[in-house]
Every structure is written in C-alpha cells, then in structure tokens.
Amino acid sequence: MTAVRNHWRKQPFIASPLLRYGLYAAVIAYVAVTVTTLPIDWTRASQGLERAGRIFGGAFPPSFQRSGLLIDGFLESLKIALLATVGGVFLSIPIAFMAARNIAPLPIYYLGRGIIVVARSFHPVIVAIVFVKAVGFGPFAGVLTLVVYSIGFVAKLLAERIEEIDPGPVEAMKSAGAPFLSVLIYAVFPQIMQRQIGLGIYQLDSNLRASAVVGIVGAGGIGATLANAFGRYDYDFALAITMVIVGVILISEAVSGAIRKRIA
Amino acid sequence: MEQLSLHEWSRYTPRQRFQRYACFALATLVVAWALGSVNIVWAWVWDAPNQMGDLFSRMVPPDPANLDQILSALLDTVNLATIATALAVVLALPVAYIAAQNTTPNAVTLWIGRFILVSSRSVNTIIWALLFVAIFGPGIVAGIVAIMFRSIGFLGKLLGEAIEEIDPRPVEALQACGASHFKVVLYAIVPQVMPTFFAVSILRWDINLRESTVLGLVGAGGIGVILQGAIDTFNWQEVSTVLIAIIVLVVTGEVVSSYLRRRIL
Amino acid sequence: MLKIKSLVKRYGAGDPVLKDLNLEIEGDQVVSVIGSSGAGKSTLLRCINRLVEPTSGTISLNGTDFTALGKRDLRIARRRVGMVFQSFNLIDRLTVMENVQSGRLGYISTWAALTRRYPKEDIRRAFELMERVGIAHYADKRADELSGGERQRVGVIRALMQQPEILLADEPTASLDPKTSEQIMMLLRDLANELKLPVIINIHNVHEAREFSDRIVGMRYGRIIFDDLPEALSEEAMHDIYAGIPHADRQVEGEAA
C-alpha cells in the first residue's frame, strides 16, 4: 500500500513564487517610499493631540446662540440644492440624448459623452472654486456648480437607460411616419420618465449634501457659515453647524429613500 | 351618469390626475420660493456667460511651465489616497464586525458600531479635512486622516451589510464542530465576505482618488494646493493644466479600478 | 452510549416541538429517524449537540451530561459529536482540504487555523479518509466546484475528522439524486461499521431507512411512536407515523388536554 501524504499547503493565490514575493516586496517598498517621501511635517502633526484637545474642549457644548445665521445658511443651501436639481435634471435630458448611442449620430455622441466625463471627473469643490472666480461669491456659483454635478450623474444614468429602451415602439412610430420629436415624446419619454423622476429625487438628496461642501470655498449656503466659524475658531458654533448638517442629511436620506420606494 | 363616452379618453382617473397636479403645483411652488428668495444678484447672472467665456479664454492654451511640480503633486495625491484607503480598510474591519447584527457581541457594541458608521458617513471629506487641518496643521497628514475618517463609514457600512447577508449554514456547521467563535469567523464568515471586501475597497480607492484632488483647497495636501495657488495668483493657464492633470488622474483611476475589479472577482 | 431523557423543546409560548422524549442509542448501530415534516426530527438532532437549546430534559453522551455544560465546556464536548447536514453546509470559497480540516478547528491552535498549517497527523488522516471515499484528488479544488454527492462526502469527512463518538446526519440525502443518495447512505453505514460509530440519521426516504439501518425510530408530532428493527416496520406502523397532518394532531391534543 502506498504511503499516505501527510503534507498539504494551501495553494497560494498567485502561483508563481517570483511574482508573489515580487508583489509583496513591491507593496512593502511602496509603503516605505511613500511614507518617507510624502511631505509630512511630523513635528507639526505630533502636536495634533494637544490641539485636538483644545478644539474639542472649545467645541463642547455646541453653541446654538447664532441660530438665525444657521437657519439662513441652511435655507440657502436648500434653495441652492433645489434650483440646481431642477436645472440639472432638465439640462441632463438633452445631454443624455446626445450621449445615447442608439439615438445620437456619432459626433454628437462623443460630444455628449465628453460633457458627462468632464462633469463627472471634477469634484464639485473644484467646479465651485472656478465658478466662484467666474461669477463671484455667493449662491449663484453654488447653483452652477451643482448643475454641473447633477449633469454628471443624472445624464450618465439616463443615457444608459435610453440605450436600454425597447426599440419596438420607436420603430412602430417611425414606420407610422412620425417626425423625430414625436418619436422622442411618444416612444422614448414614456420609457424613461419614471427613471428620470427617481434620479431627480436622488439627486436632490445628493445636491443637498454637496451644497454643504461647496460653500466652504465660497459658493454660498451653510458650508460658508461653517468655514467662517472654523476660520474664526468658533468651534462650538462649528460643531452646532456640523450637527445640523448631519441631521439634515440623515432626514433627507430617509425621505428620498421613502419617496423613491413609493414611486418605484 | 355612468355613460361611457367614446369621444373622451384620458390617461388617468380624476383622482390620479388631481394627485399629479398637486405634486406639480407643490414642486412649482417650492421652486418659485427658492428662486424668489435666493440671494442672487440677477445682473451677475445675465453677465455670467460673458464672464465664463472670458475666464475660459484666459485658460487657453494650458501652460506646462510648472508641469514637473504638478506631476509630483499628482503623485502625492495618489499616494495620499492609497495610504488613506489602506488604513481605512484595516480600521473598517472591526467597525463592520460590531455593526453587523449577526456578529456584534451585544446591543451596546451594535449601537457603538452604527454610531461610528453614521457619523463617519454623514460628514463630508472636506468637512473632516477642515477639522484635521485645524488639528494637524496644513499638510498631507490632515488629508490622509480626513479621507480615512470618511472612508471608514463607507467601507464599514457595506462590509457590515455583507456580513449580515452571509449564508448562516456554514457557521452552524462549524459551531457543531466545536470551533471557537474566532475560528468560526475566520473560516465561515471571512471567506464569504472576501469578494465584497475587495470590491468595496477598490471602489473606495477610486472615490478617494477623486476626493483627494480637492483636499488641497482647504489646505490638506495634494494637487489641490497647487490649484489653489494658481487660482489665487490668477494664473489661469496653469489652472487649466492642473485641471487637465486631474481629469487624466481620475479617468486613469477609474480604468485601473475597473480592471482590478474584473481581475480579482 | 447516548441517553436522552424526558427531552422537551418549546419555541416561544406555543406547543412543544418535542414532548417528553426518551431515546437510548448503544454500540455502533445505524438508527434512522423517520416522520413527516414538522414531527421534530431536525429539532431532536440539533438538541443533542445543543445547536438548539433544549427547554428541559437531559442528554448524556458516554457519561457527559450535555445539558449541564457551560459555554466553554460545551464547545469542547461538541468535538465529540459529528454532524452532517442536508445542504452540506460547506464553505464554498474554501478548498476541499480546508473544509475537511475545519472539522479539526476545535482541536488546533488559532495560529494553525489562520495560516492553514495543519498538523501532520491531521493531514494524513484527511487524506486517508478522502481516499476512502474517493475525493482525495479534489483536495485543492474549491468546494463549490464539486457535485452534490462529492460535497456531501466532504461534509461526512469533515464530521469524521472530529473523531466523534457519535455521528448525527440531518437528512443527508434530501438534496441528492436517488443514486447518489444511496451511495451516501451506504457510505454512512459502512463507515459506522468500520469506525465502530453510532449514527443517527434523519431521513424522509423510508425505503432507504429500511435498507440501510439497524433500527428505525418513528416520530409523530414530537413523540416517538415506533422504535424497532426495520423488519418490524409494518404498513400499519407506517400509517401511524405518516397519517394525518400536524394540524390535526394538534387538535386532538387540544381536545385531550
């Protein structure tokens, strides 16, 4: 009888030992090089704990004394989010059609895709800082920023939805001799409207989140209030603002989730 | 009364129609309120296209004079995002463990876990960055910690959900073998959440790459610092170079992460 | 020897699923437990190693009272009870060897479990057993690449790796086709013989129960109403075990009470 094996090792995820150990070495080397070459000011960072203590000491208890300022900032954020959602959702419809392969001719398709890629690549804060320089401080820059942000998201998903539509009704309309616009309205819109409303509500929620941030670079809303409080070392007010932001985000997430569940 | 009219056709019942009109009216009202009361100088709005055109005309052609500095800042940004993601992944594991209903030791830890997730997730990276710049001073450390704090919530939530959705039968089998709690986790739970773990980590890395491009605008390191500098000095041609660099970075990140996802899963 | 005395299991406030149940199993016999769905077969098996916590009664295996054990001692005691499941309960993404070795998790160190450096004797025993059932060449395959019959063989070996004093099989063939199902039953019977191991099998297929077991226990609504040699299982006894529906039983109980 043959001897029974008494040795077994799990086969490694990467079969070639050279590649495997090479990968380990590369990871270690990467971490080592990165940690040593990143421009880190260790002495400054090491004071962090002490500063953190001071900041949190200053932040508690949160101060709601200037709640008027807080409410104004928040309402402005809400308005920015609303207007940007309406603008973004409307603008994203033509752009989505431009970026749908089954509707648009090739050059227009590339143009539409290009707009979406650019809108998606830039973080809203970067867009905001450019708009602030172009049109001045305040909510208008915020609205423009979030319109761009909305287009990046809504137009992309809507374009994908348009590409998935059932081509049957389109053919039927075309063969009935309907002009292009009628085809869109009767054969394509009904298939995408529900999705568009769902996306709009989702986008309102994420615009509200983003509007809190773009204010930090001067585009209006509660973010501006927060940045000011931080700048003036009013940490108790900053904490109050942050708590309101978190609360509003949680509520808006719950509401938008509930609405989308109902209409879906 | 119930005379069927063959000449009239409508898509909705009166009740439905009423509801729809009510929704539309409400939405219009809200938008009108926002438009009417928002603090916008309309003269600036009409002037905006001119201003934008002017700005963009100043941006071309992009000026590559500072390219090596920009590229090195870009590399810092990538490193920042990668290190922060790696740290966040490690820290998110215990949080996910206590935030999942089927693995958390008791109700108190469950609520601690959920509290960590909610507070981490609801505060935006930039707001975290503001805080950590105040704590650690301007620089890349604040950026790393900010990204880390925001990522823990994201990773922890998705991993926790994955833990809650595992097949409980292998767990039962290993308990029947007399395996300790830790070994049950190791053999029955870890292998089941592995795919989600990798997918979620890669996804977050991609998001972090994007987010780390703006950290510099509040002083938390990376390419944003250069962008801020160029904007403050009205060096619009350099601004456009930086913007192009960011697009290239983000698109590359997306390609790399989708490649990794396909390779690993 | 397994001794179950006046075992009661009640979920919530409803009727007990097991009602004052007594059962003794000795030596290396294969005992099949039959009964319609909801009769309490699965609960009975899970009470033995306390995957389901009994409400009252005692269960003792070779002198150890399982119902009296604390958490830690229970874990040690569970090593002595092997269990095979209807849906195999393997860890799909791990290899066959890892699944087999997971039966030893109660014995080996955490470090060995983590690094997959299993003790030499365990590996040899695993290969012996896998050889015995014809799956040794799958050691490095992922468990989800195997067919149902092969997966159940892995499940059986995982239980045997514990070097158990008794083997519990909860409908081990219910997810398998008839031919594979017979093979697994044959395997369980032969292994019981070879290893001098008592085996309790919950089973729906009365034909297989008759063919492969030394003793048949018939359950109906939480009670044992038949306990004898397979040959003694008459049409009449069968009718008693399977006739009626749990709901009707419950009504009879209610009237009696």
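For clarity, every value in this text was computed on a predicted model and none was experimentally measured.

**Description of the overall build of chain B**
Point 1. Per the secondary structure count, chain B includes ten helices and zero strands.
Point 2. Listed N to C, the secondary structure of chain B is α-α-α-α-α-α-α-α-α-α in terms of helices and strands.
Point 3. For a compact globule of 265 residues, the expected C-alpha radius of gyration is about 18 Å, and chain B comes in at 26 Å, more than 25% above that figure.
Point 4. When the 265 residues of chain B are sorted by exposure, 45% land in the buried category.
Point 5. Within chain B, contacts between residues at least 6 apart in sequence are counted, and of these 71% link residues at least 24 apart.

**Here's the deal with the overall build of chain C**
Point 1. A count of helices and strands for chain C gives ten helices and ten strands.
Point 2. Projected onto its principal axes, the C-alpha positions of chain C cover 60 × 40 × 30 Å.
Point 3. A buried classification covers 44% of the 257 residues belonging to chain C.
Point 4. Expressed as a percentage of contacts within chain C between residues at least 6 apart in sequence, the contacts between residues at least 24 apart total 68%.

**Focus: the interface of chain B and chain C**
Put simply, an interface is often sized by how much accessible area is lost when its parts join up.
Point 1. Listed as interface residues are 19 residues of chain B and, on the opposing side, 22 residues of chain C.
Point 2. Elements with a contribution of two residues or more to the side of chain B that touches chain C: α7 (169–176) and α8 (181–212) of chain B.
Point 3. Counting residues per element, the side of chain B that touches chain C draws most heavily on α8(B), at eight residues.
Point 4. A per-class count over the side of chain B that touches chain C returns twelve nonpolar, four polar and three charged.

**With respect to the pairing of strand β8 (residues 199–202) of chain C**
Side chains on a regular strand alternate between the two faces of the sheet.
All names here are of chain C.
Point 1. Taking every second residue as pointing to the same face, both faces of β8 are buried, with Val 199 and Ile 201 on one and Ile 200 and Asn 202 on the other.
Point 2. The pairing of strand β3 (residues 30–34) with β8 spans four bridges and is classified as parallel. From the neighbouring strand, Val 30 faces β8, where its bridge partner is Val 199.
Point 3. As defined by bridge partners, strand β7 (residues 166–170) adjoins β8 across four bridges and the pair is classed as parallel. Within β8, the position partnered with Asp 170 by the bridge is Asn 202.

**Description of the interface of chain B and chain A**
Point 1. On the side of chain A, 41 residues touch chain B, which itself brings 43 residues to the contact.
Point 2. Looking at the side of chain B that touches chain A residue by residue, the class counts come to 30 nonpolar, ten polar and three charged.

**Some details on the sheet that holds strand β9 (residues 215–220) of chain C**
To summarise the sheet geometry, strands pair through backbone hydrogen bonds and adopt either a parallel or an antiparallel arrangement.
All names here are of chain C.
Point 1. With mixed pairing, six strands are arranged side by side in an open sheet as β6-β7-β8-β3-β9-β10. Only two strands of the sheet have a single neighbouring strand rather than two, namely β6 (81–84) and β10 (223–228). Within the sheet, the average angular offset between the axes of one strand and its neighbour, ignoring direction, is 20 degrees.
Point 2. Against the sheet, helix α6 (residues 148–161) makes contact with β6 and β7, and its axis sits at roughly 175 degrees relative to β6, the strand it touches most.

**Looking at the nonpolar core**
Point 1. Ala129(B), Phe132(B) and Leu188(C) are the most contacted members of the largest nonpolar core, which totals 226 residues.
Point 2. Of all the elements, helix α6 (residues 140–164) of chain B adds the most residues to this core, at 15 residues.
Point 3. What Ala129(B) contacts, discounting residues up to four positions off in sequence, is Ala142(B), Gly143(B), Ala146(B), Leu215(B), Val218(B) and Ala220(B).

**Regarding the packing of helix α3 (residues 48–59) of chain A against helix α11 (residues 235–263) of chain A**
Residue and element names in this part refer to chain A.
Point 1. Here α3 crosses α11 at 75 degrees, and the two axes come no closer than 6 Å. Considered as vectors, α3 and α11 are oriented roughly perpendicular to each other. Contacts between α3 and α11 involve Ile 55, Gly 58 and Ala 59 on the former and, on the latter, Tyr 235, Asp 236, Ala 238 and Leu 239.
Point 2. Residue classes in the contact of α3 with α11 are distributed as five nonpolar, one polar and one charged.

**A word on α6(B)**
Residue and element names in this part refer to chain B.
Point 1. With 25 residues, α6 extends 36 Å from end C-alpha to end C-alpha; this agrees with the ideal 36 Å at 1.5 Å per step.
Point 2. The largest bend in α6 is about 30 degrees, located at Ser 151.
Point 3. Most of α6 is tucked away: 22 of the 25 residues are buried.

**Some thoughts on the environment of Glu194(C)**
Point 1. Mapped onto the fold, Glu194(C) is located in helix α7 (residues 178–195).
Point 2. As a C-alpha pair, Glu194(C) and Asp28(C) span 166 residues in sequence and 9.3 Å in three-dimensional space.

**Some words on helix α5 (residues 125–136) of chain B**
All names here are of chain B.
Point 1. Here α5 spans 15 Å end to end across twelve residues, near enough to the 16 Å set by a 1.5 Å rise per residue.
Point 2. Among the residues making up α5, those that are buried are Thr 125, Ile 126, Ile 127, Trp 128, Ala 129, Leu 130, Leu 131, Phe 132, Val 133, Ala 134, Ile 135 and Phe 136.
Point 3. Following α5 by one or two positions, Gly 137 has its phi on the positive side, about 80 degrees.

**Quick notes on the confidence of the model for chain C**
Point 1. On average, residues of chain C carry a pLDDT of 89, and 95% of them reach 70 or more.
Point 2. For this predicted complex, the interface confidence reaches an ipTM of 0.87, while the overall pTM sits at 0.84.

**Section: the sheet that holds strand β5 (residues 64–65) of chain C**
All names here are of chain C.
Point 1. Pairing in this open sheet of four strands is antiparallel, and the strands run β2-β1-β4-β5 from one edge to the other. Each having just a single partner strand, β2 (16–25) and β5 make up the two edges of the open sheet.
Point 2. As judged from the two bridges shared by strand β4 (residues 56–61) and β5, these two strands associate in the antiparallel manner. If you follow Ser 60 over to β5, its bridge partner there is Asp 65.

**Concerning the packing of helix α4 (residues 67–98) of chain A against helix α7 (residues 139–163) of chain A**
For any two helices packed against each other, one specifies the crossing angle of their axes together with the interaxial distance.
All names here are of chain A.
Point 1. Orientation of α4 relative to α7, taken along the N-to-C sense of each, is 40 degrees, at an axis distance of 6 Å. When the interaxial angle is binned, α4 and α7 end up oblique. Seen from above, α4 lies across α7 with right-handed handedness.
Point 2. Residue classes in the contact of α4 with α7 are distributed as 19 nonpolar, six polar and two charged.

**Let's talk about unusual backbone geometry**
Point 1. A cis amide bond links Val60(B) to the next residue, Pro61(B), at an omega of -10 degrees.
Point 2. Position of Pro61(B) relative to the elements: it lies in the loop between α2 (42–59) and α3 (67–99).
Point 3. We note that Ser6(C) has phi near 35 degrees; this positive angle belongs to a residue other than glycine.
Point 4. Note on placement: Ser6(C) falls in strand β1 (residues 2–10).
Point 5. For Asn62(C), which is not a glycine, the phi torsion comes out positive at approximately 45 degrees.
Point 6. Position of Asn62(C) among the secondary structure elements: in the loop between β4 and β5.
Point 7. Residue Asn62(C) is classed as exposed on the basis of its C-beta count, with 10 C-beta atoms lying within 10 Å.

About the thresholds
Residues numbered from 1 in each chain as written. Chains lettered and ligands numbered in written order. Predicted model: local features only at pLDDT ≥ 70, side-chain atom pairs only at ≥ 80, totals over all residues. Helix = DSSP H or I, 4+ residues; strand = E, 2+ residues; numbered from the N terminus. Rg over C-alpha atoms; globule rule 2.2 N^0.38 Å. Buried ≥ 20, exposed ≤ 12 C-beta atoms within 10 Å, placed from the backbone. Contact = placed C-beta atoms within 7 Å. Nonpolar A, V, L, I, M, F, W, Y, C, P; charged D, E, K, R; others polar. Pairing = 2+ DSSP bridges. Axes fitted to C-alpha atoms, helices over the stretch in contact; angles between N-to-C directions. Core = buried A, V, L, I, M, F, W, Y, C linked by C-beta atoms within 7 Å. Parallel < 35°, antiparallel > 145°, perpendicular 65-115°, else oblique. Expected span 1.5 Å × (residues − 1). Bend = angle between axes of the 7 residues up to and from the residue. pLDDT = per-residue confidence, 0-100. Left-handed = near helix turned anticlockwise from the far one by under 90°.

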